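Spelled out from the first residue to the last, the chains are:
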Amino acid sequence: ELESGEASASLDGGAASPAFKAGSLDVRDLDMAYGDLQVLKQIRLKVEPGTVTCIIGPSGSGKSTLLRCLNRLVEPKAGDVLLDGESILAMRPERLRRRVGMVFQHFNLFPNHTALENVMLALTRIKGTATSQARRQAEARLAEVGLAARKDYRPSRLSGGQQQRVAIARALAMDPEVILFDEVTSALDPELVKGVLNLMADLGRRGMTMIVVTHEMGFARKVADQVAFMDEGRIVEVGPPADIFDRPKSPRLKQFLAEVL
Ligand code: ADP
Ligand code: MG
């Protein structure tokens, strides 16, 4: 297993990689319901360019639904989200999803394609990049996540951590302004979690705007610029990690931290 060595390789690659074009998000009074079930209630959140926002909170509090609204995998009932000042509701969803990428808990890779092909297919099919150029870009992205040596492996021959890094390379290949991460380490074996978290911290240091739903409180404390605590469809508290973790105000956050820390 080369997990840790590969993770540090990504740090070296990162230094030489071009800067990200970081986007801002402004979530304005967002409401969302599944039928009669009100899942998001008056969500307000500002995300500055090049910052990391972690979202924490109990299961069922609406964290995934919030991320899904941000790239319109589901449509909000009311409110708006501005991406660099522009309403996402006025954008074509396909265009929005190139600008706001997403990485999931289950990597959603094509099993019959190699790591390289998985990244290339996103480029050729979604971005319309020509094959030879897509190959070069995909190789660069895989090198960036420390997987140059595994580019011709199929997902079944990669560890969960390596598969997740292919999924991150695929998201990066779209040149997004924002990347959403939904519990991307929750399905990984414990020894593989750190490599993926290190890669995400590296992207944050390089200035990618990221919104990260996570149960990894150590990551949130160390990497986040702001942490939002959600409960029952609301953002109950938001602030710098030191305030959220060391000086929680609301009883619900205090109780949540007592359970998870
Ligand atoms: P979290 O990610 O914080 O666990 P979710 O956003 O997945 O929360 O879910 C919030 C609420 O919405 C939960 O009550 C969940 O059961 C419900 N929910 C999620 N997805 C759907 C769906 N596709 N249809 C109906 N209800 C859903
Ligand atoms: Mg979820």
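Rules used in this analysis
- Residues numbered from 1 in each chain as written.
- Chains lettered and ligands numbered in written order.
- Predicted model: local features only at pLDDT ≥ 70, side-chain atom pairs only at ≥ 80, totals over all residues.
- Heavy atoms only, no water.
- Salt bridge = Lys/Arg side-chain N within 4 Å of Asp/Glu carboxyl O.
- Helix = DSSP H or I, 4+ residues; strand = E, 2+ residues; numbered from the N terminus.
- Buried < 20%, exposed > 50% of the residue type's maximum accessible area, 1.4 Å probe, protein only.
- Arc of directions from axis to C-beta.
- Contact = heavy atoms within 4.5 Å.
- Near = heavy atom within 4 Å.
- Polar contact = N/O pair within 3.5 Å; in protein donor to acceptor, adjacent residues only side chain to side chain.
- Areas by Shrake-Rupley, 256 points an atom, 1.4 Å probe, with all protein chains shown as cover.
- Nonpolar A, V, L, I, M, F, W, Y, C, P; charged D, E, K, R; others polar.
- Axes fitted to C-alpha atoms, helices over the stretch in contact; angles between N-to-C directions.
- Parallel < 35°, antiparallel > 145°, perpendicular 65-115°, else oblique.
- Left-handed = near helix turned anticlockwise from the far one by under 90°.
- Pairing = 2+ DSSP bridges.
- Phe/Tyr/Trp six-rings, centres within 6.5 Å; stacked < 30°, edge-to-face > 60°.
- Lys NZ or Arg CZ within 6 Å of the ring centre and 35° of its normal.

Visitor: Describe the pattern of salt bridges, with residues and values.
Guide: Inspection of every chain in the model, using the stated rule, returns 17 salt bridges. The closest approach of N and O atoms between Glu 144 and Arg 141, which form a salt bridge, is 2.7 Å. A residue pair is termed a helical-turn pair when its members lie 3 or 4 positions apart in one helix, as Glu 144 and Arg 141 do in helix H5 (residues 131-144) at three residues. Under the relative-accessibility criterion, Arg 141 is labelled buried at 11%. Three or more residues joined by partner-sharing salt bridges are found here, namely Lys 127, Arg 141, Glu 144, Asp 175 and Arg 206.

Visitor: How would you sum up helix H10 (residues 251-260)? Please name residues and give values.
Guide: Every buried residue belonging to H10 is among Leu 253, Phe 256 and Leu 257, and all of these are buried. Taken around the axis of H10, the buried residues stretch over an arc of 95 degrees, which confines them to a single face. Counted as exposed and oriented over 90 degrees from the buried face of H10: Pro 251, Ala 258 and Glu 259. Buried positions along H10 lie against strand E3 (52-56), helix H8 (217-223), strand E9 (226-231), strand E10 (234-239) and helix H9 (241-246).

Visitor: Tell me about the site of ligand 1, and name the residues and values.
Guide: In the neighbourhood of ligand 1, the contacting residues comprise Tyr 34, Leu 37, Val 39, Pro 58, Ser 59, Gly 60, Ser 61, Gly 62, Lys 63, Ser 64 and Thr 65. Between ligand 1 and the protein, one listed contact pairs an oxygen atom with a side-chain N or O atom of Ser 64 at 2.9 Å. Protein chains bury 60% of the 560 Å² of accessible surface belonging to ligand 1 in isolation. Looking at the shell around ligand 1, the elements with two or more residues in it are strand E2 (37-47) and helix H2 (63-70). In terms of residues, the shell around ligand 1 owes the most to one element, H2, which gives three residues. Taken together, the residues of the shell around ligand 1 sort by class into four nonpolar, six polar and one charged.

Visitor: Talk me through the packing of H5 against helix H6 (residues 160-173); I want residue IDs and the actual numbers.
Guide: One can describe the packing of H5 onto H6 by two numbers: an axis separation of 9 Å at closest approach and a directional angle of 130 degrees. Considering the angle they form, H5 stands oblique to H6. Taken as a pair, H5 and H6 cross one another with a handedness that is right-handed. Here Arg 141, Leu 142 and Glu 144 of H5 lie close against H6, whose contacting residues are Val 166, Ala 169, Leu 172 and Ala 173. Partitioned by chemical class, the residues of the contact of H5 with H6 number five nonpolar, no polar and two charged.

Visitor: Tell me about the packing of H6 against helix H7 (residues 190-205), and name the residues and values.
Guide: It is at 8 Å that the axes of H6 and H7 come closest, and there the two elements cross at 20 degrees. As judged from the angle between their axes, H6 and H7 are roughly parallel. Read as a crossing pair, H6 and H7 show a hand that is right-handed. On H7, the residues touching Gly 160, Gly 161, Gln 164, Arg 165, Ile 168 and Leu 172 of H6 are Leu 192, Val 196, Leu 199, Met 200 and Leu 203. Tallied by class, the residues present in the contact of H6 with H7 amount to seven nonpolar, three polar and one charged.

Visitor: Describe the sheet that holds strand E7 (residues 178-182), listing the residues and the values that go with them.
Guide: The six strands are arranged E6-E7-E8-E3-E9-E10 in an open sheet whose pairing can be described as mixed. Taken across any chain shown, the strands that pair with only one partner, and hence form the sheet edges, are strand E6 (100-103) and E10. Strand-to-strand twist of the sheet, defined as the mean angle between neighbouring strand axes without regard to direction, takes the value 20 degrees. Bridging between E7 and strand E8 (residues 209-213) involves five bridges; their strand directions are parallel. Across the sheet, residue Asp 182 finds its bridge partner in E8, namely Val 213. Across the sheet, H6 is in contact with E6 and E7; its angle to E6 comes to roughly 170 degrees. Relative to E8, H7 is tilted by about 150 degrees, and along the sheet it contacts E3, E7 and E8.

Visitor: I'd like to hear about the packing of aromatic side chains, residue by residue, with values.
Guide: Each aromatic ring pair is specified by the distance between its two centres and by the angle formed by the two planes. According to the stated counting rule, one finds one aromatic pair in the structure shown. Cation over ring: Arg 125 sits above Phe 110, and NZ or CZ is 5.8 Å from the ring centre.

Visitor: Any details on the pairing of E2? Residues and values, ideally.
Guide: Here seven bridges tie strand E1 (residues 25-34) to E2, and the two strands are oriented antiparallel to one another. Directly across from Tyr 34, in E2, lies its bridge partner Leu 37. As consecutive antiparallel partners, E1 and E2 are separated by two residues, and within that stretch Gly 35 has a phi angle of approximately 60 degrees, a positive value.

Visitor: Give me the lowdown on unusual backbone geometry, citing residues and values where you can.
Guide: A negative phi angle is the norm for most residues apart from glycine, just as the trans form is the norm for most peptide bonds. A positive phi angle, close to 55 degrees, is found at Asn 108, a residue other than glycine. Among the structural elements, Asn 108 can be located in the loop between E6 and helix H4 (115-127). Judged by its relative accessible area of 47%, Asn 108 is partly exposed. In the Ramachandran plot, Glu 183 falls in the positive-phi region, its phi being about 50 degrees despite a non-glycine side chain. Turning to its location among the elements, Glu 183 is positioned in the loop between E7 and H7. For Glu 183, a relative accessible area of 16% puts it in the buried group.

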